[in-house]
Amino acid sequence: MRPGSGTTTRRLLLAFGALVALFAAASGYALGRLSDIHEGTHALREVGGRAREARELATAVRDQYAHLAHTIILGNDSHRHFHAEARARVEALTRGLSAQARDAEERAAVADIQASGDALDVLYRDTLLPAVLAKDARAVEAAHGRALEWVNRIQARVDGLTERWDASMGVFEAHVGAVERDSFRWALLFLGGATLFAAGVGVYIGNSVARPVARLSEGAARLARGDLDVRIPEDDPGELGHLAAQLNRMTGALRAHQSQLVQHEKLAGIGRLAAGVAHEINNPLGVILGYARLLQRRAEGPLAEDLRVVEEEAVRCQHIVEGLLDLSRPGRGPVEPVALREACEDVVARLSESALLGPVAVEVHGEGVAWVQPPRLRQVLLNLVKNAAEAAGEGGRVEVRIDVDAARVARVAVSDSGPGVTEEARARLFEPFFTTRPGGTGLGLAVSQAIAEAHGGRIDVDAGPLGGARFTLSLPAPPREQEVAA
Ligand code: ADP
């Protein structure tokens, strides 16, 4: 998996998941509370209905007693029928209460009401009414006294039940009220919290997704306008940062490619021009050089000195022309495996023989073989070692290190103890005619780079171990088995 892959998806899932989880939790809580309120209200209605029926029963019992009293007062049975109706109503209400009794205590109370009601009815029909009709005042009084006891007993039971159910209603009301208040508080808290949380999620998504995407889009737009110096911040740890890094790498590669193209175009242009005029210039130059040498042999004193200067300058012109010609044909000819150690030692020996190294100590370390045209390799090595020796100066040191890495790239690193290369010079080192040396042509490194590239390699420069610059020539190495041939 690519580094940072899925991070944006994870972030979005996390943010929206958290929001959904919050809403789900809040909805779950609200549903729970609603069901609490629903149950509480239902129970409240039930108990309220029971208490109302108990009150109706109390009224019906008083009604029954009223007809009993009217029977005594009127002294006839004209209220017998009304009494029976009231009794039926008491009975029906008692049956209703019996079905609604919740526990043993309530059931016992209702049973007692039922029994007392039955007893009252029997007393009315079998004792009180016959005594009234018989005008037996004493029997009537006794029966009335007992009837009153039954009525009071029923009233007391009904009152007990009513109080009990009123109390339950109070409890349910308090519970429902508490749940309502609680739900309201939580709803307010959730509203405020959800708003803050949603704002936080918005800011989080903005920072971790929208902003990097906007920066990417801005960078891509600048790139599309041809601005190759654009650099997109890579601080995002996810795939957006990875994408920014890739875009930056792509821009860097484009920049390098573009400057390489420009360089190649420049070299090709110079090469074409050089190839066109070199031949014409070379011949007259050869003639000038020949005459200058001839005249030098004949001349004496200051004239001989002047002719030596003419010769020197003509030689310099020849070098420039040769360099220009090299730029136009850096890699023509067959390549072969070349032992780098021997090539380097040979170059050092030649330079030292021709006193071009001066009092500079040159060491060669390591071994390796590269695919290259031997004279071209010698030309590059000569240039690099001569430059290093010049930079190191009197009493300086130059070290040549050869190695071949696992990817079969052979390297020759030439380090010196000179002043090194400034940042500014480093960008122009390989441009034709860039020189800081009096009398330099500025073609050596441009030609060397052209040769290295023509062989599928390159020259890099950085700070070396001896305190000065390090120029590293990289070339393709042959497979191991072919090294032996070299
Ligand atoms: P020239 O030697 O004619 O100047 P080159 O192309 O060989 O041309 O070198 C170009 C420039 O690169 C030199 O003038 C010098 O400024 C710089 N340069 C090359 N080699 C070194 C080195 N080893 N240390 C410091 N600067 C160097």
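Going by the structure above, here's the rest.
For clarity, every value in this text was computed on a predicted model and none was experimentally measured.

K.L.:
Any chance you could explain the overall build of the chain here in plain terms?
P.N.:
Of the regular secondary structure elements, the chain holds 11 helices and seven strands. The globule rule puts the C-alpha radius of gyration for 486 residues at 23 Å, and the 58 Å found for the chain is more than 25% above it. On the principal axes, the C-alpha backbone points of the chain span a range of 190 × 45 × 40 Å. Here the chain holds 486 residues, and 38% of them are scored as buried. Partitioning the intrachain contacts of the chain with sequence separation of at least 6 by distance along the chain shows that 75% fall at a separation of at least 24. Roughly 27000 Å² of accessible area belongs to the chain as shown, and the carbon and sulfur atoms make up 59% of that amount. Both charge centroids of the chain, one from 55 positive and one from 63 negative side chains, sit 2 Å from each other.

K.L.:
I'm lost on the packing of helix α1 (residues 7-74) against helix α3 (residues 104-133) in this one. Help?
P.N.:
To characterise two packed helices, one gives the angle between the axes of the helices and the distance between these axes. Put simply, α1 and α3 touch, their axes get as near as 11 Å, and they point 15° apart. As judged from the angle between their axes, α1 and α3 are roughly parallel. The handedness of the crossing between α1 and α3 is left-handed. Across from R50, L57, Q64, L68, T71 and I72 in α1, the residues of α3 making contact are E106, I113, L120, D121, Y124, L128, L129 and V132.

K.L.:
Would you mind showing me how to read the layout of surface pockets here?
P.N.:
The probe, sized like a water molecule, is rolled over the atoms to show the empty space still left. Quantified by volume, the largest pocket comes out at close to 1300 Å³. Only α6 (301-328), α8 (374-392), α10 (444-454) and β7 (469-476) provide two or more residues apiece to the lining of the largest pocket. A breakdown of the residues in the lining of the largest pocket according to their chemical character gives 21 nonpolar, 15 polar and 10 charged. In this model, the second largest pocket occupies a volume close to 490 Å³. Every residue lining the second largest pocket is counted, 17 residues in all, and those nearest its centre are S259, Q263, A427, F430 and Q449. At the level of elements, α5 (239-298), α10 and β6 (458-463) are the ones that each hand at least two residues to the lining of the second largest pocket. Top contributing element to the lining of the second largest pocket by residue count: α5, with six residues. Residue composition of the lining of the second largest pocket, by class: six nonpolar, four polar and seven charged.

K.L.:
Honestly, the packing of aromatic side chains in this entry has me stumped. Any pointers?
P.N.:
For any pair of aromatic rings, the description rests on two quantities: the centre-to-centre distance and the angle between the ring planes. As enumerated under the stated definition, the model contains two aromatic pairs in all. Measuring from centroid to centroid gives 5.5 Å for F23 and F190, while their planes differ by 90°, and the two rings are edge-to-face. Separated by 167 residues along the polypeptide, F23 in helix α1 and F190 in helix α4 (residues 137-224) bring together distant segments of the chain. On the basis of relative accessibility, which here comes to 24%, the residue F190 falls in the partly exposed class.

K.L.:
Explain a nonpolar patch on the surface here, please?
P.N.:
A contiguous nonpolar patch, built from V287, Y291, L294 and L295 and spanning about 360 Å² of accessible area, is present on the exposed surface. One can find L294 in helix α5.

K.L.:
Can you walk me through the nonpolar core in this structure?
P.N.:
The nonpolar side chains of a soluble globular protein tend to be buried with one another. L377, F471 and L473 are the most contacted members of the largest nonpolar core, which has 48 residues in total. If sequence neighbours within four positions are ignored, L473 has contacts with L377, V380, L381, L384, A410, R411, V412, A452, R458 and I459. The next biggest cluster of nonpolar side chains, apart from the first, holds 30 residues, and it includes A131, A147, L161 and W165.

K.L.:
Hey, could you run me through the packing of α3 against α4 in this one?
P.N.:
Where α3 contacts α4, the two axes come as close as 9 Å, and the packing angle between them is 160°. Classified by the angle their axes make, α3 and α4 are roughly antiparallel. α4 is crossed by α3, and the crossing has left-handed handedness.

K.L.:
Looking at this structure, how should I read the sheet that holds strand β5 (residues 409-416)?
P.N.:
Here we have five strands laid out as an open sheet, ordered β2-β4-β5-β7-β6, and mixed in their pairing. The sheet is open, and its two borders are formed by β2 (361-366) and β6, each paired with just one other strand. Sheet twist, expressed as the average angle between the axes of neighbouring strands with direction ignored, equals 15°. Sheet analysis places strand β4 (residues 397-404) next to β5, joined by seven bridges and oriented antiparallel. What sits directly across from I402, in β5, is V412. α8 contacts β4, β5, β6 and β7 of the sheet and is inclined by roughly 25° relative to β5.

Here is what the cut-offs are and how they apply
- Every chain begins its residue count from 1, and numbering advances along the sequence as written.
- Selection of residues for local features in this predicted model requires a pLDDT of at least 70, selection of side-chain atom pairs for listing and counting requires 80 or more, and totals for whole chains, interfaces and linings are taken over all residues.
- Side-chain calculation: all heavy atoms of the structure are included, whereas hydrogens and water are not.
- The helix and strand labels rest on DSSP assignments: H or I over at least four residues marks a helix, E over at least two residues marks a strand, and numbering proceeds from the N terminus.
- Radius of gyration: C-alpha atoms only; globule rule: 2.2 Å multiplied by the number of residues to the exponent 0.38.
- With a 1.4 Å probe rolled over the protein chains alone, any residue whose accessible area is under 20% of its type maximum counts as buried; one over 50% counts as exposed, and the rest are partly exposed.
- The contact criterion used is simple: two residues touch if any of their non-hydrogen atoms lie within 4.5 Å.
- Residue burial considers only the protein chains on display, and all accessible areas are found by Shrake-Rupley using a 1.4 Å probe.
- In summary, the charge assignment counts Lys and Arg as positive and Asp and Glu as negative, without counting His or the chain termini.
- By convention, the point assigned to a charge is CZ for Arg, NZ for Lys, CD for Glu and CG for Asp.
- Axis lines are fitted through C-alpha atoms, for helices just across the contact stretch, and the angle between N-to-C directions can take any value from 0 to 180 degrees.
- An angle counts as roughly parallel when it lies under 35 degrees, as roughly antiparallel when it exceeds 145, as roughly perpendicular when it falls between 65 and 115, and as oblique in every other case.
- Take the far helix as the reference: if the near one is turned anticlockwise from it by less than a right angle, the crossing is left-handed, and if turned clockwise, right-handed.
- Within this scheme a cavity is a closed region of a 1 Å grid, computed over the protein atoms alone, that accommodates a 1.4 Å probe without allowing it to escape, whereas a pocket is open but has protein on both sides within 12 Å along at least five of seven lines; lining residues each have an atom within 4 Å of a point.
- Grid points are joined across faces, edges and corners, and a volume is the space filled by probe spheres set on the points.
- For this scheme, ten residues count as nonpolar: Ala, Val, Leu, Ile, Met, Phe, Trp, Tyr, Cys and Pro. Four count as charged, namely Asp, Glu, Lys and Arg, and the remainder, Gly too, count as polar.
- Pairing of aromatic rings covers Phe, Tyr and the six-membered ring of Trp, with a centre-to-centre limit of 6.5 Å; geometry is then stacked below 30 degrees between planes, edge-to-face above 60, and tilted otherwise.
- Each patch is built from residues lacking any salt bridge and having more than 30% relative accessible area; the joining distance is 9 Å for like charges and 5 Å for nonpolar side chains (Val, Leu, Ile, Met, Phe, Trp, Tyr).
- By definition here, a salt bridge exists when the distance from a side-chain nitrogen of Lys or Arg to a carboxyl oxygen of Asp or Glu is within 4 Å.
- Residues enter a nonpolar core if they are buried and are Ala, Val, Leu, Ile, Met, Phe, Trp, Tyr or Cys, with the set joined through side-chain atoms within 4.5 Å.
- A pair of strands is considered paired only if DSSP assigns at least 2 bridges between the two.

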